[in-house]
Amino acid sequence: IPRALPVILFLPEDNLKLSPHQVLLRQQIEAFEAVEDDVSSHMRGRNKPIAFGQVGIRCLHCAHLPVVRRQKGSTYFPSSTLGLYQAAQNMSSSHMQNGSCTEMPQEIKRQFV
C-alpha cells in the first residue's frame, strides 16, 4: 500500500529484523519530497542538483525548521534507493549521535549514546 509523504521510516516489524540502534534511528527519520526551499538551498557538495519532488530523508525533529536553519547532516537526497541506508548512517553519525541536532529531545539523545 503506497503511503503519502512525508512518512517516518520506522515500521513495527523493524523490531523483529533490525538492531535496537537501527530501530531507534528509523524512528527519527522521515522520507519526504523536495519543495522549492530544498531545491534552492541544498547545493553544497552535490554533483547533481536536487529536483522538485525528489525523495529525500531528513531528521524528524528538524523538519519544521526552514532549510537554512537546519544543522549539518539533517537532510540527505540519495541519488537512488540504494543510497538510503548509507544516507541514514551518515545522518546518524553526523547529526544525531554527535549531538548537533538542536531539536531532538534529550531523552532520545541519551538513547544514541
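Please read all numbers here as calculations on a predicted model, not as lab measurements.

Q: What is the right way to look at the side chain of glutamine 28 in this model?
A: One can find glutamine 28 in the loop between α2 (20–27) and β2 (29–33). By relative accessible area, which is 4% here, glutamine 28 ends up buried. Here leucine 24 takes part through its backbone oxygen, which lies 3.1 Å from a polar atom of the side chain of glutamine 28. Dropping the residues within four chain positions of it, glutamine 28 is found in contact with Arg58, Cys59, Leu60, His61, Met96, Ile108 and Phe112.

Q: Looking at this structure, I do not really get the pairing of β2. What am I missing?
A: Residues in a regular strand point their side chains to alternate faces of the sheet. With four of five residues buried, β2 is to be regarded as a mostly interior element. Two elements, strand β1 (residues 7–8) and β2, share two bridges in a ladder whose sense is antiparallel. Bridging across to β2, isoleucine 8 finds its partner in glutamate 30. In this sheet, strand β3 (residues 55–59) lies alongside β2 in antiparallel orientation, the contact comprising five bridges. Looking at β3, one finds that alanine 31 is bridged to isoleucine 57.

Thresholds applied
Residues numbered from 1 in each chain as written. Predicted model: local features only at pLDDT ≥ 70, side-chain atom pairs only at ≥ 80, totals over all residues. Heavy atoms only, no water. Helix = DSSP H or I, 4+ residues; strand = E, 2+ residues; numbered from the N terminus. Buried < 20%, exposed > 50% of the residue type's maximum accessible area, 1.4 Å probe, protein only. Polar contact = N/O pair within 3.5 Å; in protein donor to acceptor, adjacent residues only side chain to side chain. Contact = heavy atoms within 4.5 Å. Pairing = 2+ DSSP bridges.

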